[in-house]
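Residue-level structural notes
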4 protein chains.
Amino acid sequence: MRQWRLPQFGRQHLKLEQVAIPTPGEDEILIKVAAAALNYRDKLNIEDGSGGLQITPPLVPASDLSGAVVAVGKRVNRFRTGDRVLGTFWVDWIDGPWPAHALTLGGPLTGALAEYVVLKQEWAVHAPTTLDDAHASTLPCAALSAWFALVEQGHLHAGQTVVIQGTGGVSLFALQFAAAHGARVILISGDDDKLARAKTLGATHAINRRKTPSWDVAVRDITDGRGADHVLEMVGGDNLLLSLQALKQAGRVSVIGTLGEAAIHSPSVPLFLGRPTIQGIGVGHRRALEDMIRAVDHLSLRPVLDQTYGLADLPAALDHLDRGPFGKLVVRMD
Amino acid sequence: MRQWRLPQFGRQHLKLEQVAIPTPGEDEILIKVAAAALNYRDKLNIEDGSGGLQITPPLVPASDLSGAVVAVGKRVNRFRTGDRVLGTFWVDWIDGPWPAHALTLGGPLTGALAEYVVLKQEWAVHAPTTLDDAHASTLPCAALSAWFALVEQGHLHAGQTVVIQGTGGVSLFALQFAAAHGARVILISGDDDKLARAKTLGATHAINRRKTPSWDVAVRDITDGRGADHVLEMVGGDNLLLSLQALKQAGRVSVIGTLGEAAIHSPSVPLFLGRPTIQGIGVGHRRALEDMIRAVDHLSLRPVLDQTYGLADLPAALDHLDRGPFGKLVVRMD
Amino acid sequence: MRQWRLPQFGRQHLKLEQVAIPTPGEDEILIKVAAAALNYRDKLNIEDGSGGLQITPPLVPASDLSGAVVAVGKRVNRFRTGDRVLGTFWVDWIDGPWPAHALTLGGPLTGALAEYVVLKQEWAVHAPTTLDDAHASTLPCAALSAWFALVEQGHLHAGQTVVIQGTGGVSLFALQFAAAHGARVILISGDDDKLARAKTLGATHAINRRKTPSWDVAVRDITDGRGADHVLEMVGGDNLLLSLQALKQAGRVSVIGTLGEAAIHSPSVPLFLGRPTIQGIGVGHRRALEDMIRAVDHLSLRPVLDQTYGLADLPAALDHLDRGPFGKLVVRMD
Amino acid sequence: MRQWRLPQFGRQHLKLEQVAIPTPGEDEILIKVAAAALNYRDKLNIEDGSGGLQITPPLVPASDLSGAVVAVGKRVNRFRTGDRVLGTFWVDWIDGPWPAHALTLGGPLTGALAEYVVLKQEWAVHAPTTLDDAHASTLPCAALSAWFALVEQGHLHAGQTVVIQGTGGVSLFALQFAAAHGARVILISGDDDKLARAKTLGATHAINRRKTPSWDVAVRDITDGRGADHVLEMVGGDNLLLSLQALKQAGRVSVIGTLGEAAIHSPSVPLFLGRPTIQGIGVGHRRALEDMIRAVDHLSLRPVLDQTYGLADLPAALDHLDRGPFGKLVVRMD
């Protein structure tokens, strides 16, 4: 089988190599991978390992995969040959607070950019029935991050206001999930074209932060002075203060991205007066993934796929990732 | 002004009388009532006071009202003359657990079936902007009961399955709220016509309990054996066991109605094996009402009004209440 | 090694037999069992399998064990040889809501009444460091049921009032945990001697239900009319109504036991007016067990052991179980 | 009566003046103040109004008071003459999320440094029965901040580890509440004498941050690598990173103080990998205050009073506040 292997850090070292198909252990399943979705983290891991903990080459990159079970170990009881499955981003994070020993696919564990992958049965879930492989592969990391922030931790409900920053994979899933729950969505971006496309996905309001740098004031106006219930902080740095100022009393900021600076800053007084909850989001657990897949199926929610690439075209896909896609990029194995 | 007054228990004693318009105190508002929605509880209170605690004649019945503020006391800061408002069912239940001293309009406090009503400013909220008076008047009790069970306490989310029993006011609101959150709704009723109408409101499945007495089995089939996430128990008695058997592990039964027996029964073993949460619902608090009104406005959710009556036609409205309306009955003051 | 085996239902069929020591698989550990604690459920399972689901002979009874790891499979990473461990009651219930496929030790899975037991590594936790084997063995079922009801689900805190019924294993753990969190404990029992002993364990008030059948009124008096925050319902039947009447607004009843009738009954009105949460408790998950063990160690909490028996003396231990111990009964393997 | 009045910002302008005793309105109570506790916020408000929002002279400073009801308005039903009461810090924050219109005593509303005060009945609670007036007066702000962070929002339980920074009023209450719930307390301070005194109040571990600047490493060692469950961030600035590194996965940092810098900073990666909840705490609501008072009474918890001053000695008390007391400072009116 073919797989992309990174013998040392640096995109130029990536190598599409031919290796033997692995064999599942007692409690493992062999998956014929159909598609792998790329995340910004994959780019960081390939370049210098900074997308996670304990990432050292050699490495098969990428965490998000969809495919079909083609062989099972003798103690496997969660799946049968032929089942369509997704991998989980964090293996061994089943439910509740994350256990410190959990690891991620695509570094340090072997990743998704291969024609076959072996996973412990506990590391996989049944794929949604309403999505094809390429669309399904986008769910384990980006969609679950958005779902976990808004639904699992945020208990989002109809009539609430959600502020979403940017138009990458996580942001567009957040938009779709928020709209599907009857919430009002205010999208912040620096690109009018992307804002226009986002409105067709269900955004109620779109604010161009280049034209309206004080978008926090605009959010308070839209909400009659009340502020937003949820803000997805995708930028970092001093943007956090805008997020806090856009927030209602006791609202929730989910810190997910670092489009700007990989740090957060805020004066303390807004914390005492607004008593926000600021929560770091690092994807989510398997039970929430299964909840979300049921939602995706019931809603017939369709992930926004910017483009798909063949396995051999990974370098072009990574270039596209550098440019900032609208939604997700997927590598197909066939 | 005119008001309906009950000098002693019994529908035949209801009297439409002429009295002076009341004057608001320092912290009170005078409301010109536009509409009052009827609840089953009003019927019980009129007949024998059994719809609440400490209900003794003389009494102005009904709890749910919409109208406009026409005068305010000197310390009022929540409202201005001209504001459209709703009353709250429980006065002084602002948020959190219900305080034991809270009371209800329409007994023991004076109720809504009058052309003018005085309320403390804390007992009212701003009316939705997208509904007329008649539709808005249906929200404080029936809609809030459904919202409180599913959203405030139940943290309902997309992809979950909700079982709803009956087609009265609470049930239809529950149906609409569940559908608006992307949930799957299974409606149980004994009447095919009502089931057909419920499907047009967003029910995903409709089960006629006369034809399918083991509807719990049907629910498990529909959910691939998993069971429903939420069940609204509207019947009571042994029906609770069906509700528990239709429920997923650690699911939630909200006990709201007593269409059958005013008691619940269950063997204990399903409680230990399914560890459900069974929660009694008695309407809800003001903060949740305000959350819900924002949802109603954003969703343009339209309450199901079976029929409206003039103030003088209260007896006919109560007869209709006896027959079991599809949705709500409203008395208009003009 | 020796183990107790039940070839068919009925206590008279229990047989202490000699079998080979089992061998652990890749992901399993071999435990030399030191002690097994008995639960009322074990008695039911031995008699007719009614203590759980899918309980069919042949069977090694009992779920609660402490011991030491003496061998590990090649993929084991949670434990090393020599580690002191406890089994979990529900295997594969790690955290969050219980997954429907989880099973219990001592039926249908092979149980604790043996000198050696093989468990998957995920089914065991590290033993507390402050307890000997006999005391430690009492934690997985009885202690965790009490902890799960009060702490994990109930968020018990200082100054709250907890009503506990009876003086069996679960009740005494509940008493100790409640006292350790600074709560007020009202113990209800029919036996003055047991009430006196319970007071030495931290009960603030003791009520003899034979002398004070309206103990709900007594609870309201003790709480200045407010009612208890938590009630552990250990009796069933009409006792539930007393529990609800003893409860504060929006309080919590945890249904754990069936000392009286294996069913619950209640009129509906107290559910609407008091809006209690009634939750069935079926032990709890592994994460909560680990939380509880940290608490036991920090508090130096000592489980109440009524008596220990040798492995061969199981029949005498079961007779004692029939009579109703004060706290726990333990079978020691050495 | 005498009261301290601030005609313009600046401590030198404070004036002990003689004014008429105020008269309660329909819904108000007149309190003969017995004691007022000082908070760091009062010092800021006196100097430049920076301790709150909309603070402008003239002003009667201080928010925390205990006293007795000496007169009631005609609609008052929560209190009777003779009742011992406390004021609430935030008036009109009854329960749930804080309503944006709520205000605080001692600026902008008239404050506690007076012999008599009029409050709306909703702004007061019954005093604890086990504390004298001076000790009781310390509860509304400092104690409630600690309780709200750890108990109301944090669901603290036995066996958890709490890191507390500093030895001011909030920190010592946090220490006492954590110990009373069976938690392990690690206290961080720069003063060995204060650490020694804190250990007598129930701190399990004491770390001098001058001698152990990497106290986060020490916390991880004490917790066997797991990290603390709760950290009370009292310092601000880069100290937040130490707090996050001391925290377990999905732990909770409550931002309460700014002993160092009035801002917070953190790199983003620890937020994604540790997914902490960072919550700003601004005292708390009335329901939690009432819960806490029940706990204080049941636990016989005694607030740490550093010193009491007579009403005329306010300047000396403010000097003491500048020096950093161990626990609370109280002004007595008699």
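Residues numbered from 1 in each chain as written. Chains lettered and ligands numbered in written order. Predicted model: local features only at pLDDT ≥ 70, side-chain atom pairs only at ≥ 80, totals over all residues. Heavy atoms only, no water.

Chain A appears in an unreviewed UniProt entry as Alcohol dehydrogenase from Herbaspirillum hiltneri N3.

Focus: the overall build of chain A
Counting its secondary structure elements, chain A contains 10 helices and 18 strands. Taking 2.2 N^0.38 as the reference for a compact globule, 334 residues should give roughly 20 Å; the C-alpha atoms of chain A span a radius of gyration of 20 Å, in line with that estimate. A principal-axis box enclosing the C-alpha atoms of chain A has dimensions of 60 × 40 × 35 Å. The buried share of chain A, reckoned over its 334 residues, is 63%. Expressed as a percentage of contacts within chain A between residues at least 6 apart in sequence, the contacts between residues at least 24 apart total 69%. Surface summary for chain A: the accessible area is close to 11300 Å², and the carbon and sulfur share equals 50%. Here chain A holds 32 positive side-chain charges and 34 negative ones, and the gap between their average locations is 2 Å. (Helix = DSSP H or I, 4+ residues; strand = E, 2+ residues; numbered from the N terminus. Rg over C-alpha atoms; globule rule 2.2 N^0.38 Å. Buried < 20%, exposed > 50% of the residue type's maximum accessible area, 1.4 Å probe, protein only. Contact = heavy atoms within 4.5 Å. Areas by Shrake-Rupley, 256 points an atom, 1.4 Å probe, with all protein chains shown as cover. Lys, Arg positive; Asp, Glu negative; His and termini not counted. Charge placed at Lys NZ, Arg CZ, Asp CG, Glu CD.)

Some thoughts on the packing of helix α3 (residues 139–152) of chain A against helix α4 (residues 169–180) of chain A
Residues and elements named next belong to chain A. As a packed pair, α3 and α4 sit with axes 8 Å apart at the nearest point and diverge in direction by 50°. By the criterion of interaxial angle, the relationship of α3 to α4 is oblique. Where α3 crosses over α4, the two elements pack in a sense that is right-handed. Between α3, through L139, A142, A143, S145, A146, W147 and L150, and α4, the contact on the second element is made entirely by G169, V170, F173, A174, F177 and A178. (Axes fitted to C-alpha atoms, helices over the stretch in contact; angles between N-to-C directions. Parallel < 35°, antiparallel > 145°, perpendicular 65-115°, else oblique. Left-handed = near helix turned anticlockwise from the far one by under 90°.)

Describing the sheet that holds strand β14 (residues 247–255) of chain A
Overall, mixed pairing links the 12 strands, which are arranged β12(A)-β11(A)-β10(A)-β13(A)-β14(A)-β16(A)-β16(D)-β14(D)-β13(D)-β10(D)-β11(D)-β12(D) in an open sheet. At either margin of the open sheet sits one strand with a lone partner, and together these are β12 (205–208) of chain A together with β12 (205–208) of chain D. Taking the axes of each pair of neighbouring strands and ignoring which way they run, one obtains an average angle of 15° across the sheet. Bridge analysis of strand β10 (residues 161–165) of chain D against strand β11 (residues 184–189) of chain D gives five bridges, and the strand direction is parallel. In the sheet register, D:V163 faces β11(D), and the bridge partner there is D:I186. Against the sheet, helix α6 (residues 215–222) of chain D touches β10, β11, β12, β13 (228–233) and β14 (247–255) of chain D, its axis set at about 160° to β12(D). (Pairing = 2+ DSSP bridges.)

Focus on the domain arrangement of chain A
All names here are of chain A. Here the domain parsing of chain A yields domain 1 (2–142 + 284–332) and domain 2 (154–280). Its C-alpha centre places domain 1 at a distance of 28 Å from the equivalent point of domain 2. Contact with domain 1, which involves 15 residues of that partner, is made by 13 residues of domain 2. Both faces considered, domain 1 and domain 2 share a buried interface measuring about 1100 Å² in area, 77% of it formed by carbon and sulfur atoms. Per-residue buried area on domain 1 facing domain 2 is highest for A142, L301 and F326; these three make up 50% of the total on that side. The interface formed by domain 1 and domain 2 holds zero salt bridges in total. (Domains from an automatic or database assignment. Buried area = accessible area lost by both parts, 1.4 Å probe. Salt bridge = Lys/Arg side-chain N within 4 Å of Asp/Glu carboxyl O.)

What to know about the interface of chain A and chain B
In this complex, chain A contributes 19 residues to the contact, which on the side of chain B involves 19 residues. Looking at the side of chain A facing chain B, the largest losses of area belong to A:H157, A:R294 and A:H298, adding up to 31% of the total buried there. Across the chain A-chain B interface, the total number found is four residue pairs in polar contact (both at pLDDT 80 or more). In terms of residue count, the dominant contributor to the side of chain A that touches chain B is helix α9 (residues 286–299) of chain A (five residues). Here the residues of the side of chain A that touches chain B sort into eight nonpolar, seven polar and four charged. (Polar contact = N/O pair within 3.5 Å; in protein donor to acceptor, adjacent residues only side chain to side chain. Nonpolar A, V, L, I, M, F, W, Y, C, P; charged D, E, K, R; others polar.)

Considerations on the packing of helix α3 (residues 139–152) of chain C against helix α9 (residues 286–299) of chain C
All names here are of chain C. At a closest axis distance of 10 Å, the pairing of α3 and α9 adopts a crossing angle of 95°. As far as their axial angle goes, α9 and α3 are roughly perpendicular. Packed against α3, whose contacting residues are L139, P140, A143, L144, W147, F148 and E152, the element α9 presents R287, A288, L289, D291, M292, I293, A295 and V296 at the interface. In terms of residue class, the contact of α3 with α9 is built from 12 nonpolar, no polar and three charged.

Considerations on the relation of the copies chain D and chain A
Note on the chain copies: they are related by a rotation about an axis and a translation along it. Expressed as a screw transformation, the operator carrying chain D onto chain A has a rotation angle of 180° and an axial translation of 0.0 Å, and the superposed copies differ by an RMSD of 0.0 Å. Seen this way, the second copy is the image of the first under a two-fold rotation axis. Taken as a fraction of all interface residues of chain D, those also at the interface in chain A reach 100%, which identifies the copy contact as same-surface. (Least-squares fit on C-alpha atoms with pLDDT ≥ 70 in both.)

Overview of the pattern of salt bridges
Residue and element names in this part refer to chain A. Within this structure, the stated rule accounts for 88 salt bridges over all chains. Residue K248 is joined to D229 by a salt bridge in which the shortest nitrogen-to-oxygen separation is 2.8 Å. Here D229 lies in strand β13 (residues 228–233) and K248 lies in strand β14, a separation of 19 residues in the sequence. For D229, a relative accessible area of 4% translates into the label buried. A cluster of three or more residues bridged by salt bridges with shared partners is formed by R11, K43, E47, D319 and D322.

Overview of the environment of B:A136
Residues and elements named next belong to chain B. Structurally, the position occupied by A136 is in helix α2 (residues 133–136). Note: C-alpha distance between A136 and S66 (70 residues apart in sequence) is 6.3 Å. The residues contacting A136, other than those within four sequence positions of it, are S66, R84, L86, P128 and L131.

Remarks on the relation of the copies chain A and chain B
By a simple turn and slide, chain A fits onto chain B: the slide is 0.0 Å along the axis, the RMSD is 0.0 Å, and the turn is 180°. Same-surface contact between copies: 100% of interface residues of chain A are shared with the interface of chain B.

Quick word on the side chain of B:T88
Residues and elements named next belong to chain B. With respect to the helices and strands, the residue T88 is situated in the loop between β5 (84–87) and β6 (90–91). Within the structure, T88 has its side chain in polar contact with the backbone oxygen of W90 (distance 3.3 Å). Apart from the residues within four sequence positions on either side, T88 is in contact with L105, W123, V125, R286 and L289.

What to know about the environment of B:G25
With respect to the secondary-structure elements, B:G25 resides in the loop between β2 (15–18) and β3 (28–38). With relative accessibility at 13%, the residue B:G25 sits in the buried group. Sequence separation between B:G25 and B:H126 is 101 residues, and the spatial gap between their C-alpha atoms is 20 Å. Beyond its immediate sequence surroundings of up to four residues, B:G25 is in contact with B:G73 and D:R75.

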